[in-house]
Amino acid sequence: GDHLKICQIQDLAKKGGASIAANRISSSLGHYHEIQQISSDFEYSDMLDNKILVSNGRIIKLLELIGAPSLEAILRRLRNKDIQHQLRKILSISQPDIINIHNIHSSGWPLDLIKTALDFAPVVWTLHDCWSFLGTYYPLHSIASTSQTLSAIDTFWQSEQVKQSHHKFSAITPSAW
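Quantities reported herein were computed from a predicted structural model and do not represent experimental measurements.

### Some words on the overall build of the chain
- Helix and strand content of the chain: 7 helices and 6 strands.
- Mapped from its N terminus to its C terminus, the chain presents α and β elements in the order β-α-β-β-α-α-β-α-β-α-α-α-β.
- Burial analysis of the chain (177 residues in total) assigns 42% to the buried set.
- The long-range fraction of contacts in the chain, counting pairs at least 24 apart against all pairs at least 6 apart in sequence, stands at 65%.
- Accessible area of the chain: about 10200 Å², with a carbon and sulfur share of 57%.

Set out below in structure tokens:
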């Protein structure tokens, strides 16, 4: 078959069920395809082809130090723009053939990362729990989702950019839950 450049995006590189599944996928496909991983884990920054995606702008750090509740919305928007800018830069350089998204919620990454990824390649979002559509991991075993999270999820799934992207967008589950 064809040799593909696959980019896996996961909030954590080695912790949790989603990262275990992502790494199993990566190790099985890595024999035939080029795999790049993007995570928020500095702990694993020395791993081959693991890029770190974390908000680190100076203005953001200054606003975090101030810590005023009135700045929270501005700070969240700045972090989200910074993370998306970093992802855009990484994907511009690596030019993957396909992007496989795993959990993104543990690191607080915005759902708009998926829209950014769709600018570069087809995206397959592997859903490891219910967060992607309910805003909580498992309805009976997790705390309820916030209205802000639910609103962001609804906005994402209704987004015309996702529906009409020139790259294909798919969501799959690795289990029968």
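Once the structure has been displayed, the description carries forward.
### Notes on unusual backbone geometry
- The phi torsion at Gln95 lies on the positive side, around 45 degrees, for a residue other than glycine.
- The topology assignment puts Gln95 in the loop between α3 (72–94) and β4 (98–101).
- The exposure class of Gln95 is exposed, given its relative accessible area of 54%.

### Things to note about the nonpolar core
- Ile99 and Ile114 are the most contacted members of the largest nonpolar core, which totals 25 residues.
- Of all the secondary structure elements, the ones that give two or more residues to this core are β1 (5–9), α3, β4, α4 (112–118), β5 (123–126) and α6 (147–158).

### What to know about the sheet that holds strand β6 (residues 169–172)
- Taken in spatial order, the 6 strands line up as β3-β2-β1-β4-β5-β6 in an open sheet, and their pairing is parallel. At either margin of the open sheet sits one strand with a lone partner, and together these are β3 (50–52) and β6. Here the average twist between neighbouring strands, direction ignored, is 20 degrees.
- In the sheet, β5 pairs with β6 via 4 bridges, with the strands oriented parallel. Residue Val124 lies in a different strand from β6, and its bridge partner there is Ser170.
- α3 rests against β1, β2 (34–39), β3 and β4 of the sheet, and its axis sits at about 170 degrees to β2.

### Quick notes on the pattern of salt bridges
- Within the structure shown, the criterion is met by 2 salt bridges.
- The residue Asp119 makes a salt bridge to Arg88 at a minimum N-O spacing of 3.0 Å. You can see Asp119 sitting in the loop between α4 and β5 and its partner Arg88 sitting in helix α3, a full 31 residues away along the chain.
- Note on Asp119: relative accessible area 34%, which makes it partly exposed.
- A salt bridge links Asp112 to Lys115, with the shortest nitrogen-to-oxygen separation between them at 3.3 Å. Here Asp112 and its partner Lys115 are both found in helix α4, 3 residues apart, which amounts to about one turn of the helix.

### A few points about helix α1 (residues 17–29)
- Here α1 spans 18 Å end to end across 13 residues, near enough to the 18 Å set by a 1.5 Å rise per residue.
- In the core, the buried residues of α1 are packed alongside β1 and β2.

### Looking at the pairing of β1
- Burial of β1 is extensive: 4 of the 5 residues sit out of reach of the surface.
- Looking at chain direction, β1 and β2 are connected through 5 bridges and run parallel. Residue Lys5 lies in a different strand from β2, and its bridge partner there is Glu34.
- Handedness of the β-α-β unit built from β1, α1 and β2 comes out right-handed.
- Note: β1 against β4, 4 bridges, orientation parallel. The residue of β4 that forms the bridge with Gln8 is Asn100.

### Things to note about the environment of Asp112
- A relative accessible area of 31% places Asp112 in the partly exposed class.
- As for Asp112 and Thr155, which are separated by 43 residues in sequence, their C-alpha atoms are 10.0 Å apart.

Conventions and cut-offs
Residues numbered from 1 in each chain as written. Predicted model: local features only at pLDDT ≥ 70, side-chain atom pairs only at ≥ 80, totals over all residues. Heavy atoms only, no water. Helix = DSSP H or I, 4+ residues; strand = E, 2+ residues; numbered from the N terminus. Buried < 20%, exposed > 50% of the residue type's maximum accessible area, 1.4 Å probe, protein only. Contact = heavy atoms within 4.5 Å. Areas by Shrake-Rupley, 256 points an atom, 1.4 Å probe, with all protein chains shown as cover. Core = buried A, V, L, I, M, F, W, Y, C linked by side-chain atoms within 4.5 Å. Pairing = 2+ DSSP bridges. Axes fitted to C-alpha atoms, helices over the stretch in contact; angles between N-to-C directions. Salt bridge = Lys/Arg side-chain N within 4 Å of Asp/Glu carboxyl O. Expected span 1.5 Å × (residues − 1). Right-handed = clockwise from strand over helix to strand, strands pointing away.

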